[in-house]
Amino acid sequence: MVEHRMIDVNGLQLHIAEEGEGPLVVLLHGFPESWHSWRHQFGPLAAAGFRVVAPDQRGYGRSDHPEDVDAYSILHLVGDVVGLIHALGEEEAFVVGHDWGAPVAWHTALLRPDVVRGVAGLSVPPPFRGERPPLAAMQERFGGRFYWNYFNRPGVADAEFAKDARTALRKLFYSASGDAPDAGRPDQGMVADPSRGWLADMTDPTTLPDWLTEADLDELTESYAKGFTGALNWYRNLDRNWELTAAWQGAVVSPPALYLYGDRDLVPAFPGTPELIAKLPELMPNLHREPIMLPGCGHWTQQERPEEVNAALVEFLTELRDR
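If you're wondering where the values come from, they're calculated on a predicted model, not measured in any experiment. (Residues numbered from 1 in each chain as written. Predicted model: local features only at pLDDT ≥ 70, side-chain atom pairs only at ≥ 80, totals over all residues. Heavy atoms only, no water.)

**Regarding unusual backbone geometry**
(1) Moving on: Look at the link from F31 to P32: it is a cis peptide, with omega at -10°.
(2) Moving on: Turning to its location among the elements, P32 is positioned in the loop between β3 (24–28) and α1 (42–47).
(3) Moving on: Of note, the phi angle at D99 is positive, near 55°, even though the residue is not glycine.
(4) Moving on: Here D99 shows up in the loop between β5 (93–98) and α3 (101–111).
(5) Moving on: The class for D99 is buried, based on a relative accessible area of 6%. (Helix = DSSP H or I, 4+ residues; strand = E, 2+ residues; numbered from the N terminus. Buried < 20%, exposed > 50% of the residue type's maximum accessible area, 1.4 Å probe, protein only.)

Shown next, in the form of structure tokens:
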């Protein structure tokens with residue numbers, strides 16, 4: 001059974017869900033999600049002999065929501081993962097992330113390989129620092145219509161999503177899923193008219209996809225009772241993260257690594273990302289196997305394709321554990 005508690009990490013209170021005994025596996029969710037996005041992974045990973053822990057990351061769910069935008073840099077987020085591992089009484093862990101959780105997992109492996117036994121990323125590939133700040137680059141390329149730039153406007157997306165959180169989440173999850181007719185197109189990341197908001201042109205499904213129940217949506221909606229600002233502050237640090245990681249320009253993730261993505265996911269369709277994914281076996285010295293592409297899968301990888309994701313994670317983690 002999954003158990004819940006609060007734990008002190010770096011002066012913050014983080015809510016965690018945990019199950020199982022054995023080597024520690026930390027599961028990191030993305031936007032707009034919570035620990036609950038890993039509901040299908042707890043049982044299989046615990047049954048395979050692992051201690052599974054999924055936090056609500058800072059700014060999400062029942063965890064603390066610092067007010068300062070600067071408190072959400074990639075260094076803070078990596079610090080939370082390292083602090084959580086130590087607060088749980090461990091010196092090292094396997095780290096797995098999806099969406100925003102993937103860059104946190106990748107950067108934890110990049111910055112602190114001594115505490116990462118292996119790392120897996122879903123949807124978002126490993127980081128290779130670009131030549132320009134990402135928000136500035138996207139602003140110039142798409143005239144401010146890319147959703148990162150829309151999220152960067154103080155209070156704007158916060159208010160749009162909080163007005164009716166359940167409807168906002170329903171639209172976001174359906175539109176980015178493999179079930180949506182236009183899933184996997186790069187222009188999904190565009191806000192057609194920022195004055196109308198991002199949700200205005202998204203389909204509100206009359207029936208949820210099979211992998212998302214009304215109870216799941218209830219749980220997710222409740223996790224945003226404190227609003228969306230903490231979660232959106234992660235995006236507002238993108239250019240700052242670029243500055244803070246200058247010392248790692250050209251560095252690669254060295255721990256054993258696994259990457260999975262859906263062929264109908266908008267993130268791997270971002271400009272330049274397909275080429276990066278194709279080159280990962282050359283760029284990553286310890287990539288466990290070729291990137292795993294899941295046909296028909298949209299953005300919500302471990303929720304849309306739990307059996308395939310679980311099989312890949314169990315195989316990857318077990319092999320590393322049993323070396």
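Once you've had a look at it, read on.
**Considering the packing of aromatic side chains**
(1) Moving on: Within the structure shown, the criterion is met by 27 aromatic pairs.
(2) Moving on: Between F146 and F270, the ring centres sit 5.4 Å apart and the planes meet at 75°, which makes this aromatic pair edge-to-face. Taken together, the residues span a long stretch of sequence, with F146 in the loop between α4 (134–142) and α5 (147–151) and F270 in the loop between β7 (257–262) and α11 (273–283) at a distance of 124 residues. Side by side, F146 and F270 carry an identical accessibility label, which is buried. (Phe/Tyr/Trp six-rings, centres within 6.5 Å; stacked < 30°, edge-to-face > 60°.)

**Some words on the pattern of salt bridges**
(1) Moving on: Scanning all chains against the criterion turns up 15 salt bridges.
(2) Moving on: A salt bridge links R196 to D201; the shortest N-O distance between them is 3.2 Å.
(3) Moving on: A residue is classified by how much of its surface remains accessible, and R196, at 46% relative accessible area, is partly exposed.
(4) Moving on: A salt bridge links R321 to D322; its shortest N-O distance comes to 2.9 Å.
(5) Moving on: Given a relative accessible area of 24%, R321 falls into the partly exposed group. (Salt bridge = Lys/Arg side-chain N within 4 Å of Asp/Glu carboxyl O.)

**Some thoughts on the layout of surface pockets**
(1) Moving on: Roughly 1200 Å³ of volume is contained in the largest pocket.
(2) Moving on: For the largest pocket, the lining is made up of 38 residues, of which P127, F128, G130, P134 and W148 are closest to its centre.
(3) Moving on: For the lining of the largest pocket, the secondary-structure elements that each account for two or more residues are α3, α4, α5, α10 (238–244) and α11.
(4) Moving on: Here the lining of the largest pocket gets five residues from one element, more than from any other, and that element is α4.
(5) Moving on: Residues belonging to the lining of the largest pocket are distributed by class as follows: 24 nonpolar, seven polar and seven charged.
(6) Moving on: In this structure, the second largest pocket encloses a volume near 510 Å³.
(7) Moving on: Lining the second largest pocket we find 28 residues, and of these S175, Q188, W198, M202 and L266 sit closest to its centre.
(8) Moving on: Sort the elements by how many residues they give to the lining of the second largest pocket and helix α7 (residues 165–175) lands first, with three residues.
(9) Moving on: By residue class, the composition of the lining of the second largest pocket is 18 nonpolar, four polar and six charged. (1 Å grid on protein atoms, 1.4 Å probe; cavity = no way out; pocket = protein on both sides within 12 Å on 5 of 7 lines; lining within 4 Å. Points joined across faces, edges and corners; volume = space filled by probe spheres on them. Nonpolar A, V, L, I, M, F, W, Y, C, P; charged D, E, K, R; others polar.)

**Regarding α3**
Residue pairs spaced three or four apart in an α-helix point in one direction, given the helix's 3.6 residues per turn.
(1) Moving on: Burial runs high along α3: 11 of the 11 residues are buried.
(2) Moving on: Among the residues making up α3, those that are buried are G101, A102, P103, V104, A105, W106, H107, T108, A109, L110 and L111.
(3) Moving on: Against β3, α2 (74–87), β5, β6 (116–122) and β7 lie the buried residues of α3. (Contact = heavy atoms within 4.5 Å.)

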